[in-house]
Every structure is written in C-alpha cells, then in structure tokens.
Amino acid sequence: MLIRKIEVFLRHTRMPPTKFGRLAASDPRFVLDLRNGRMPRPATERRVEHFMNEYRETTGAY
C-alpha cells in the first residue's frame, strides 16, 4: 500500500507529512487523508512514487 511506503519515507527523511503532501501531491492534507482511508487515483499514486524515487536519488536519502 502507498501509505506504508510514504510512512517509511517520512521516517527515513524526517520530512513532515504536510511538506510531503505539498511537494508530492500539491495537497498538504494528502498524508492525513491517506491515514484516514483516502484511496488515491492511479495517476496520483504514480506521481507520488516518482517523487519519492527522485527525492532519494537527488538527496541520497537511504
């Protein structure tokens, strides 16, 4: 599930959930909504996973 991947990403990068939501999905409530059961569209899921992969590559985070 996407929320599990995001939670691991947030722990490793120490990024606040609202910042992640703004950067990855242009929605500061994105992570909170996922935690509350929101199901993202497939395109949104791909965009968020792409953001996490790019962030890891450019910053060397874990």
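To be clear, the structure that these remarks concern was listed above.
Residues numbered from 1 in each chain as written. Predicted model: local features only at pLDDT ≥ 70, side-chain atom pairs only at ≥ 80, totals over all residues. Heavy atoms only, no water.

Caption draft 1: Broad picture of the environment of Arg-46. Mapping Arg-46 onto the fold places it in helix α4 (residues 42-59). Given the relative accessible area of 58%, Arg-46 is considered exposed. A C-alpha to C-alpha distance of 9.7 Å links Arg-46 and Leu-2, two positions 44 residues apart in sequence. (Helix = DSSP H or I, 4+ residues; strand = E, 2+ residues; numbered from the N terminus. Buried < 20%, exposed > 50% of the residue type's maximum accessible area, 1.4 Å probe, protein only.)

Caption draft 2: Representation of unusual backbone geometry. With a phi angle near 55 degrees, Arg-14 is a residue other than glycine that sits in the positive phi range. You can see Arg-14 is positioned in the loop between α1 (2-13) and α2 (17-25). Since its relative accessible area comes to 76%, Arg-14 is described here as exposed. The residue Ser-26 is not glycine, and still its phi comes out positive at about 55 degrees. Inspection of the secondary structure puts Ser-26 in the loop between α2 and α3 (30-35). Assessed through its relative accessible area of 67%, Ser-26 is described here as exposed.

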